[in-house]
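# Inside the fold
Chain by chain, the residues:
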Amino acid sequence: SIIEDKIYVIWTDNTTGNGDVYFKRSMDNGGTFGGTENLSNNTGASLSPNTAASGNNVYVIWTDNTTGNGDVYFKRSMNNGGTFGGTENLSNNLGRSSEPDVTLDQEEVYITWTDYTTGNGDVYFKASPDSGFTFSSVKNLSNNTGASLSPHIAASGNNVYVIWTD
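Bear in mind the structure is a predicted one, so any value in this text is a computation, not a measurement.

### Describing the side chain of D64
- Residue position: D64 is located in strand β6 (residues 57-64).
- Here D64 sits buried without a salt bridge, and the closest side chain of opposite charge, K75, lies 11 Å off (N-O distance).
- Only 3.1 Å separates the side chain of D64 from the side chain of N42, close enough to count as a polar contact.
- In this view, D64 contacts N42, G44, A45, S46, G70, D71 and Y73; residues no more than four positions away in its chain are not counted.

### As for the sheet that holds strand β4 (residues 37-38)
- With antiparallel pairing, the four strands of this open sheet are ordered in space as β1-β2-β3-β4. Both outer strands of the open sheet, β1 (2-3) and β4, are each paired with one neighbouring strand and no more.
- Note: strand β3 (residues 20-26) against β4, two bridges, orientation antiparallel. Bridge pairing in β4 links F23 to E37.

### Quick word on the nonpolar core
- Membership of the largest hydrophobic core comes to 13 residues, with the highest contact counts inside it found for F74, L90, V102, V109, I111 and F135.
- Among the elements that make up this core, the one with the highest residue count is strand β10 (residues 108-115) (three residues).
- Dropping the residues within four chain positions of it, V109 is found in contact with Y59, F74, V102, T103, L104, K126, A127, S128, S131, G132 and F135.
- Formed by 12 residues, the second largest nonpolar core is a distinct cluster that contains F23, A53, V60 and F84.

### Considerations on the pairing of strand β7 (residues 71-77)
- Of all seven residues that make up β7, seven are buried, and the element is covered over most of its length.
- Burial of the side chains of β7 extends over both faces: D71, Y73, K75 and S77 are buried on one face and V72, F74 and R76 on the other.
- Relative to β7, β6 runs antiparallel, the two being bridged by seven bridges. Residue pairing across strands places T63 opposite V72, the latter belonging to β7.
- From the end of β6 to the start of β7, which pair antiparallel, there are six residues, and G68 there has a positive phi angle of about 100°.
- Pairing of β7 with strand β8 (residues 88-89), which is carried by two bridges, proceeds in the antiparallel orientation. Within the sheet, the bridge partner assigned to F74 lies in β8 and is E88.

What counts and what doesn't
Residues numbered from 1 in each chain as written. Predicted model: local features only at pLDDT ≥ 70, side-chain atom pairs only at ≥ 80, totals over all residues. Heavy atoms only, no water. Helix = DSSP H or I, 4+ residues; strand = E, 2+ residues; numbered from the N terminus. Buried < 20%, exposed > 50% of the residue type's maximum accessible area, 1.4 Å probe, protein only. Lys, Arg positive; Asp, Glu negative; His and termini not counted. Salt bridge = Lys/Arg side-chain N within 4 Å of Asp/Glu carboxyl O. Polar contact = N/O pair within 3.5 Å; in protein donor to acceptor, adjacent residues only side chain to side chain. Contact = heavy atoms within 4.5 Å. Pairing = 2+ DSSP bridges. Core = buried A, V, L, I, M, F, W, Y, C linked by side-chain atoms within 4.5 Å.

Coordinates in, geometry out; function isn't part of it.
The following block contains the structure:
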């Protein structure tokens, strides 16, 4: 993500042996970058990171199989990525959760992912009205018998748009 002269970079790396999500930032248009931070830092395989930023806030999501089935995790920084708060499990269910996407509209944070709790793959959604401090309950957007995959999300004003293949 790029906000004014700030650049936020995330990636996965298996240096630890299991795969973790790493973060780095530049506060001068990419002229220099700070240290590398391991955001997931757990025993599971962390994959598919995604990020969004607005103002001083940086949001990072990814999937991780620490629980044995794959869940969507969320971290927030309120100071341009200087420090991050705790890790929150947003999906926290028995199905495999994958392909997370995140978008913002001012203080609103919107997250979607593919989830296999119903057995066939559905597109799930959560929203936060307060910069990621609290989230709504999960909503199944596709809720059909087909395999709903590869969700992408965008927001503008009061409108939220989610697309996927089915």
